[in-house]
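Fold and contact review
What follows is each chain in one-letter form.
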Amino acid sequence: MIPSFVESLVAFLSEKPLLVIAIIWMLFNLYKNSKPIPEYPGNVRAIKTKKEWNQLREESKRDGKHYLVDYYADWCGPCRSAAPIYAEMSKDFDGSQIIFAKLNASKLDVRKDGAGPVKCFPTIKLYDPNGAILKHVEGFKKTEIIDSIEAAGIKRTENKKKN
């Protein structure tokens, strides 16, 4: 019985090579996207618990800092592409005025804790020190994000002003 099943399976797969390729591609992507997004050099705080989320909000209010949050998911391809760019952006702005953070919204739900809705990944939100949302960007639109940071009066670091 097993040899006839194997023969039938081999015959089916040899007749459908594109199906085999599609299945292998899908399995590879599932494996690749199941891994966490790597950490990149920059000034980005990873928020992994509600306690850390609340600490970010309290620190922002206490110190009068805005905060920019990247809501992402490990399985999201555009989130993976945006992660190193976001980390690099965090070096461009004065850390005494803004906190860059990232939050895996597929693992931690803070919508009821002041984050507001997240309808797609990535979503970037700029908050004022009191927690009000100043800008909500769906997708990663670097120019729009930078413009909103600068519109909030946040200055670039000295080395980025010269470039």
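Here's a quick rundown of the structure. Model, not experiment: these values are computed from the prediction.

1. Comments concerning the sheet that holds strand β2 (residues 66-72)
Judged by pairing direction, the sheet is mixed, and its 5 strands sit side by side in the order β1-β3-β2-β4-β5 without closing on themselves. Two strands lie at the open edges of the sheet, namely β1 (44-47) and β5 (133-138), each paired on one side alone. Going across the sheet, the axis of each strand differs from the next one's by a mean of 20°, ignoring polarity. Summarising the sheet, β2 and strand β4 (residues 123-127) pair through 5 bridges and their orientation is antiparallel. Looking at β4, one finds that Asp-70 is bridged to Ile-124. Taken strand by strand, helix α3 (residues 50-63) contacts β1, β2, β3 (98-104) and β4, and its axis lies near 155° from that of β2.

2. Considerations on the side chain of Arg-80
For Arg-80, the location among the structural elements is in helix α4 (residues 77-90). With no salt bridge to any partner, buried Arg-80 finds its closest opposite charge in Asp-74, at an N-O distance of 5.2 Å. For Arg-80, the side chain forms a polar contact with the main-chain oxygen of Asp-74, separated by 3.0 Å.

Basis of the calculations
- Residues numbered from 1 in each chain as written.
- Predicted model: local features only at pLDDT ≥ 70, side-chain atom pairs only at ≥ 80, totals over all residues.
- Heavy atoms only, no water.
- Pairing = 2+ DSSP bridges.
- Helix = DSSP H or I, 4+ residues; strand = E, 2+ residues; numbered from the N terminus.
- Axes fitted to C-alpha atoms, helices over the stretch in contact; angles between N-to-C directions.
- Contact = heavy atoms within 4.5 Å.
- Buried < 20%, exposed > 50% of the residue type's maximum accessible area, 1.4 Å probe, protein only.
- Lys, Arg positive; Asp, Glu negative; His and termini not counted.
- Salt bridge = Lys/Arg side-chain N within 4 Å of Asp/Glu carboxyl O.
- Polar contact = N/O pair within 3.5 Å; in protein donor to acceptor, adjacent residues only side chain to side chain.

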